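Chain by chain, the residues:
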Amino acid sequence: MPDAIHVDLLDWLTLLVGAVGATATASLAYLVDSWTKSALKNEVTRSGQTDWRNYNLAVMADEDLQDLERQNHLIGGLSHPEIKKMCISFIKIYVPYNMWIAQRNDLFDAADVDREIANQARLLFRDRTLFRRHVFLRGYDPAFCKLFQDRWDRMAAAT
């Protein structure tokens, strides 16, 4: 009988070690999969932003593309200099937007994103009307836009 108890205990310990190992492996696989998906989302966003950056640079250099942009713009009446300023504004917002997306995908620290948005909000304060009317309406996440708008509202109230 003592040998049977010993075998049962050994079987249970082996089963327990196997279960712990399987759980650890599954957990690690889940974490790697989750991180990979987050990194991919961030990379897709960054790649799209790079494409738009290239487009905006092309628009700033070509009056025909400025005319096309003006015709296709959601709110009409923009002059060539305003179209250029809008394109520069898109380029300025890429860094904080990409950082914000990365933070939402758990790839960036929220404090770093907050500092970058605070810095850009100060730098772009004088152009906030342009951003509200011509930049943010072009597909930026409303939660991202609100971070800037809230800062600008506090800055305007403080002046």
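Predicted model only: the values in this text are computed from it and were never measured.

A. Molecular detail of a nonpolar patch on the surface. A cluster of nonpolar side chains, contributed by Leu9, Leu13, Leu16 and Val20, occupies part of the molecular surface with about 390 Å² of accessible area. Looking at the secondary structure, you find Leu16 in helix α1 (residues 2-61). Owing to a relative accessible area of 52%, Leu16 belongs among the exposed residues under this scheme.

B. Local environment of the environment of Asn119. As for its position among the elements, Asn119 is in helix α4 (residues 110-123). Among the residues examined, Asn119 registers a relative accessible area of 28% and is labelled partly exposed. Here the alpha-carbon distance between Asn119 and Ala158, two residues 39 residues apart in the chain, equals 16 Å.

C. The pattern of salt bridges, seen in detail. All chains considered together, the criterion is met by 8 salt bridges. Of the charged contacts in the structure, one is a salt bridge between Glu69 and Arg138, with a shortest N-O distance of 2.8 Å. Note that Glu69 is positioned in helix α2 (residues 63-72) and Arg138 in the loop between α5 (128-135) and α6 (142-158), a separation of 69 residues in sequence. Here Glu69 falls in the buried class, since its relative accessible area comes to 4%. Classification of Arg138 as partly exposed rests on a relative accessible area of 31%. In this structure, Asp114 and Arg151 form a salt bridge, with 2.4 Å as the shortest nitrogen-oxygen distance. Within this pair, whereas Asp114 is found in helix α4, its partner Arg151 is found in helix α6, the two being separated by 37 residues in sequence.

D. Up close: unusual backbone geometry. Backbone geometry places Asp106, a non-glycine residue, at a positive phi of 60°. Within the element layout of this structure, Asp106 appears in the loop between α3 (80-104) and α4. Given a relative accessible area of 67%, Asp106 falls into the exposed group.

E. Expanded view of the nonpolar core. Counting 26 residues, the largest nonpolar core has Ile93, Phe136, Tyr140, Phe144 and Phe148 as its most contacted members. At the level of elements, α3, α4, α5 and α6 are the ones that each hand at least two residues to this core. If you tally residues by element for this core, the top one is α3, at 10 residues.

F. Looking closely at the packing of α2 against α3. As a packed pair, α2 and α3 sit with axes 10 Å apart at the nearest point and diverge in direction by 85°. Relative to α3, the element α2 lies roughly perpendicular. On α3, the residues touching Glu63, Gln66, Asp67, Glu69 and Arg70 of α2 are His80, Ile83, Lys84 and Met86. Residues of the contact of α2 with α3, tallied by class, amount to 2 nonpolar, 2 polar and 5 charged.

Calculation notes
- Residues numbered from 1 in each chain as written.
- Predicted model: local features only at pLDDT ≥ 70, side-chain atom pairs only at ≥ 80, totals over all residues.
- Heavy atoms only, no water.
- Patch = residues over 30% accessible without salt bridge, like charges linked within 9 Å, V, L, I, M, F, W, Y side chains within 5 Å.
- Areas by Shrake-Rupley, 256 points an atom, 1.4 Å probe, with all protein chains shown as cover.
- Salt bridge = Lys/Arg side-chain N within 4 Å of Asp/Glu carboxyl O.
- Helix = DSSP H or I, 4+ residues; strand = E, 2+ residues; numbered from the N terminus.
- Buried < 20%, exposed > 50% of the residue type's maximum accessible area, 1.4 Å probe, protein only.
- Core = buried A, V, L, I, M, F, W, Y, C linked by side-chain atoms within 4.5 Å.
- Axes fitted to C-alpha atoms, helices over the stretch in contact; angles between N-to-C directions.
- Parallel < 35°, antiparallel > 145°, perpendicular 65-115°, else oblique.
- Contact = heavy atoms within 4.5 Å.
- Nonpolar A, V, L, I, M, F, W, Y, C, P; charged D, E, K, R; others polar.

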